[in-house]
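Spelled out, the chains give:
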Amino acid sequence: MHAIDNELLTRTGPGTPMGTYMRQFWFPAMLSSELEAGGAPVRLQVLGERWVAFRTESGAVGVVDHLCAHRCASLFFGRNEEEGIRCVYHGWKYDVTGQCVDIPSEPDGRAFAKRLKLAAARVHEVGGLVWLYLGDEETPPPFPQFDVNQRPAEECVASITLRECNWLQALEGDIDTCHVGFLHLGGIPADTFPKGSINYYRQLDLAPRYEVVETDYGALYDAYRQGSPTETYHRIGQFILPFYAMTPPFQLDSGAAHLRAWVPADDHHVWLIELRHGDVPLTRDADGKPMPGGTIGWDYLPNTSDWLGRWRVKQNAANDYGMDRSRANYTGIDGIPLQDQAITESMGPIQDRTREHLGSSDRMIAICRRRLLREARALADDGAKGASALSPERFSAIRSGNMLRPEGADWLEAYNAYREEWSPGIGPIERAGKPVIAGVE
Ligand code: FES
Ligand SMILES: [Fe+2]
């Protein structure tokens, strides 16, 4: 990859092409539970911009520029009072839309206040998460109706972790299914797992073949290999513009739903914001015991009020992620998310993609990068809005998972049949040309 493309892909601050592109979309930014009605304001950093978030006594959420319009004191120190936030320097007050509503330090404060408005995000709460729209359209795009967004919020599990690297290399771990057999389950023979289980087939063949199909919302891949003697084992995963992924840890028809958003905090830090409904199975051996190192937990450091002080993981670069090389697994690191965290952070704050050598198993990554470059350039050069204009109901049929199908059966046809079942009338995903079978870029 050329350095110029890597720059375009990875820089997301205000005014950058990728940052402008991302600001067209709704995305989650924090947990609803982080904002207490009438409680303390929270520093929130996304896409390199600094905001202060607060919830008024009546429950409305404000996410406004953290610098006061008067002389730029931080509203983090502000008082959350009477449906607004009041700067403690000279008492100017703003409502949840950023509108200045009170200037007690001026004789004609009311008229002056009317002319002042802070930048503010549009806010929508779904699934226990606070979603933002930071774009400049008067009417934001329709809210994304992801499968998991339709599930009862009280049954969903939402979590956030801060990862100390650029958003793109972190996301690329989610659409790189072939690393599972190494980083997470390396050295474990297939027959450790129940015969016929998805782990069994995956470990039997560590070099699957791939097909990637671009869609209106992004791209999906099928990684396939031999399953039972007469069947093929398929793993289907999703990339959804601009920074969402769905990995395939369960069966396609399990009924579980999940979404992983890689929301840049700045170009060297990313929030992994995950929303899940239903069980993601632990990696278990034939006796039903979790595999060594195959847990899915992690520990948090205590949150602080700093810009990057929330949701930091205790097992981090400073302690080699708790690695113990005598541990009976591939990495010596305990826990699948921590193994991912260690390896993507080890690439450096922004991976230098001019140094890499892609293989056929990186096809999904290569196609998603090209798509992102195309979308961001089309917006910057021609004002073309691309996928953000999609009708939201289309997102409900985006799902990931595993399936076994008779040898020679078309996986996309099978996937399209599921789509129709999940969202009647949605229509099939079509291949743009001939099926693209794995080949080195
Ligand atoms: S700086 Fe905020 S009121 Fe003066
Ligand atoms: Fe992983």
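Residues numbered from 1 in each chain as written. Chains lettered and ligands numbered in written order. Predicted model: local features only at pLDDT ≥ 70, side-chain atom pairs only at ≥ 80, totals over all residues.

1. Looking at the overall build of the protein chain
Here is the rule we go by: In DSSP terms, a helix is any run of H or I states spanning at least four residues, a strand is any run of E spanning at least two, and both are numbered starting from the N terminus. Radius of gyration: C-alpha atoms only; globule rule: 2.2 Å multiplied by the number of residues to the exponent 0.38. Using C-beta atoms placed from the backbone, we call a residue buried if 20 or more other C-beta atoms fall within 10 Å of its own, exposed if 12 or fewer do, and partly exposed for counts in between. Two residues form a contact once the distance between their C-beta atoms, set from the backbone, is within 7 Å.
A count of helical and extended segments in the protein chain gives nine helices and 18 strands. Taken against the 2.2 N^0.38 rule, which gives 22 Å for 441 residues, the C-alpha radius of gyration of the protein chain at 23 Å falls within 12% of a compact globule. For the protein chain, the spread of C-alpha atoms along the principal axes amounts to about 85 × 50 × 45 Å. Looking at the 441 residues of the protein chain, the share that counts as buried comes to 42%. For the protein chain, contacts bridging at least 24 residues in sequence account for 60% of all contacts bridging at least 6.

2. Considerations on the confidence of the model for the protein chain
For the record, the criterion: A residue's pLDDT is simply how confident the predictor is in it, with values from 0 to 100.
Considering every residue of the protein chain, the mean pLDDT works out to 93; 97% of them sit at 70 or more. Residue range residues 434-441 is modelled with pLDDT below 50. Its contacts to residues more than four positions away, or to other chains, number 14 contacts.

3. Comments concerning the sheet that holds strand 7 (residues 93-94)
Our working definition: DSSP-based pairing: two strands are paired if at least 2 bridges between them are found.
Here we have four strands laid out as an open sheet, ordered 5-6-7-8, and antiparallel in their pairing. Lying at the two open borders of the sheet, with one neighbouring strand each, are strand 5 (79-81) and strand 8 (100-102). Relative to strand 7, strand 6 (residues 84-86) runs antiparallel, the two sharing two bridges. Bridge assignment links Arg-86 to a residue of strand 7, and that residue is Lys-93.

4. Quick notes on the pairing of strand 12 (residues 209-214)
Relative to strand 13 (residues 218-226), strand 12 runs antiparallel, the two sharing six bridges. Its bridge partner lying in strand 13, Val-213 is registered against Leu-220. Where strand 12 folds back on strand 13, the antiparallel hairpin that results is connected by three residues.

5. Focus on the domain arrangement of the protein chain
A common way to state how big an interface is: give the accessible area lost once the parts meet. We apply this condition: Domain delimitation in this document rests on an assignment produced automatically or drawn from a domain database. Polar here means any residue outside two lists: the nonpolar Ala, Val, Leu, Ile, Met, Phe, Trp, Tyr, Cys and Pro, and the charged Asp, Glu, Lys and Arg; Gly therefore counts as polar.
Domains assigned within the protein chain are domain 1 (28-140) and domain 2 (150-422). Taken over C-alpha atoms, the centre of domain 1 sits 34 Å from the centre of domain 2. Between domain 1 and domain 2, the residue contacts involve twelve residues of the former and 16 residues of the latter. Counted by class, the side of domain 1 that touches domain 2 contains six nonpolar, four polar and two charged residues.

6. Observations regarding the environment of Glu-137
Considering the arrangement of structural elements, one finds Glu-137 in the loop between strand 10 (129-133) and strand 11 (157-163). Judged by the 12 C-beta atoms lying within 10 Å of it, Glu-137 is exposed. In sequence terms Glu-137 and Gln-24 are 113 residues apart; their C-alpha atoms lie 8.2 Å from each other.

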